Each structure stands twice: as structure tokens, then as C-alpha cells.
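Architecture at a glance
What follows is the residue order along each chain.
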Amino acid sequence: MLGTWVALLIALAAGASMAIQGSLNSALGKATSTLMATLAVHLIGTITSSLLCLAILVAGWEKITWARAWAGPWYAYLGGIISVGIIYAVAFSIPKIGVAWATTAIIVGQVTCALIIDHFGLFGLKTIPFTWMKLVGLGLLAAGAKVMLN
């Protein structure tokens with residue numbers, strides 16, 4: 001049970017971080033361009049990830065090898081391509097509709113897609129069946145988004 005709460009708190013922090021990141025990406029996009037901001041964010045992320053991998057390797061906390069980096073199924077690497085689209089879309093949409101509207105639309109889209117992925121167990125994930133209660137929850141989420149954004 002404690003593990004579930006820790007995971008939920010980490011997910012909550014990730015959600016808050018996404019709103020901050022989107023705002024920062026939008027500010028960078030205004031200063032440069034949306035595409036250049038997307039490139040800069042990914043370059044900085046690549047450098048940061050590389051340094052973290054190096055630190056973990058030197059510390060001996062985990063065995064990191066290039067072979068392991070490419071051990072996943074081909075479709076798992078599409079996340080890198082999708083990430084470019086996400087960062088671009090967020091940096092593009094926030095200046096036009098605001099952080100709250102963009103984040104709300106993102107959350108509704110995420111939850112809808114997550115329910116589909118769970119139901120079908122896509123990408124090798126555990127199957128979690130769609131229920132009528134989840135449909136009610138999705139409807140309430142969409143209704144809440146509509147109320148909040150008016």
C-alpha cells in the first residue's frame with residue numbers, strides 16, 4: 001500500500017512538473033521559435049540523461065551498457081519521436097490558450113488514451129478492463145474540465 005501512495009505522489013509531482021515544463025518551453029519558444037525550443041529542450045535532456053547514466057555507472061548502482069539501451073522492442077523507441085511532438089504541441093498551445101486550458105486538454109487526452117491502452121494491454125502492458133464506472137469517471141473528468149475552463 002505504501003508503494004502505491006509513493007507512486008501516486010511521484011505521478012502527482014510529474015504532473016506538476018509537466019505544467020511548469022510546458023510554461024518554460026513556451027517561454028523559450030517565444031524567445032526563439034517553437035521548433036528551436038523543442039530542439040534545445042531535447043539536447044539539454046540528452047546531456048542530462050547522459051550525465052545521469054555516467055554517474056550511475058561510475059557509482060556502480062546499475063549496470064548500464066549500450067546493448068541494454070537497444071534491447072527493447074522497436075515500437076518502444078517511438079517515444080522519442082512522440083516526445084518531440086508533445087513538446088512542440090505544448091510549447092505551441094500554451095501561449096495561445098493558457099496553461100490551464102492546455103494542461104486540462106492534455107490530461108483529458110492522456111486519461112482517454114490510457115484507458116484504451118489499459119483495456120487492450122497495448123505495448124505489452126498488463127490488461128486492465130474498461131468498466132462503466134471508468135466511463136462515468138471519464139465523463140466527470142470531461143465535465144469538470146468544461147466547468148473549470150468556463
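Further up the page is the structure itself.
Presented here is a report on the structure given in the accompanying data block.

Basis of the calculations
Residues numbered from 1 in each chain as written. Predicted model: local features only at pLDDT ≥ 70, side-chain atom pairs only at ≥ 80, totals over all residues. Heavy atoms only, no water. Helix = DSSP H or I, 4+ residues; strand = E, 2+ residues; numbered from the N terminus. Contact = heavy atoms within 4.5 Å. Areas by Shrake-Rupley, 256 points an atom, 1.4 Å probe, with all protein chains shown as cover. Expected span 1.5 Å × (residues − 1). Buried < 20%, exposed > 50% of the residue type's maximum accessible area, 1.4 Å probe, protein only. Polar contact = N/O pair within 3.5 Å; in protein donor to acceptor, adjacent residues only side chain to side chain. Salt bridge = Lys/Arg side-chain N within 4 Å of Asp/Glu carboxyl O. Phe/Tyr/Trp six-rings, centres within 6.5 Å; stacked < 30°, edge-to-face > 60°.

1. Remarks on the overall build of the chain
From N to C terminus, the chain includes 6 helices and 0 strands. Reading the chain from its N end, one meets helices and strands in the order α-α-α-α-α-α. Principal-axis analysis of the C-alpha atoms places the extent of the chain at approximately 50 × 45 × 30 Å. Within the chain, contacts between residues at least 6 apart in sequence are counted, and of these 53% link residues at least 24 apart. Counting only carbon and sulfur atoms, one obtains 79% of the accessible surface of the chain, whose full area is about 10900 Å².

2. A word on unusual backbone geometry
Its identity as a non-glycine residue notwithstanding, phenylalanine 123 has a phi of 60°, on the positive side. Here phenylalanine 123 shows up in the loop between α5 (99-120) and α6 (132-149).

3. Observations regarding α5
The end-to-end C-alpha distance of α5, which contains 22 residues, comes to 31 Å, matching closely the 32 Å that a straight helix rising 1.5 Å per residue would cover. If you check which residues of α5 are buried, you get Ala102, Thr104, Leu115 and Ile117. Along its buried surface, α5 packs onto α4 (78-97) and α6. Residue glycine 121 follows α5 closely and has a positive phi angle near 60°.

4. A short note on the side chain of threonine 38
By secondary structure assignment, the location of threonine 38 is in helix α2 (residues 34-59). In this structure threonine 38 comes out as buried when scored by relative accessible area, which is 2%. Side-chain polar atoms of threonine 38 contact the backbone oxygen of threonine 34, separated by 2.9 Å. Sequence-distant contacts of threonine 38, that is, excluding residues within four places in its chain, are made with Val84, Ile87 and Tyr88.

5. A short note on the environment of aspartate 118
Position of aspartate 118 relative to the elements: it lies in helix α5. Judged by relative accessible area, which is 25%, aspartate 118 ranks as partly exposed. Not counting residues within four places of it along the chain, the set of residues in contact with aspartate 118 comprises Lys126, Thr127 and Ile128.

6. Observations concerning the pattern of salt bridges
Counted under the stated rule, the structure contains 1 salt bridge. The partner of arginine 68 in a salt bridge is glutamate 62, with the nearest N and O atoms 4.0 Å apart. Classification of glutamate 62 as partly exposed rests on a relative accessible area of 43%.

7. Concerning the packing of aromatic side chains
According to the stated counting rule, one finds 4 aromatic pairs in the structure shown. Between tryptophan 70 and tyrosine 77, the ring centres sit 5.3 Å apart and the planes meet at 35°, which makes this aromatic pair tilted. Tryptophan 70 gets classed as exposed once you look at its relative accessible area, which sits at 57%. Relative to tyrosine 75, the ring of tryptophan 74 has its centre 5.8 Å away and its plane inclined at 85°; by these criteria the two rings are edge-to-face. Tyrosine 75 gets classed as partly exposed once you look at its relative accessible area, which sits at 30%.

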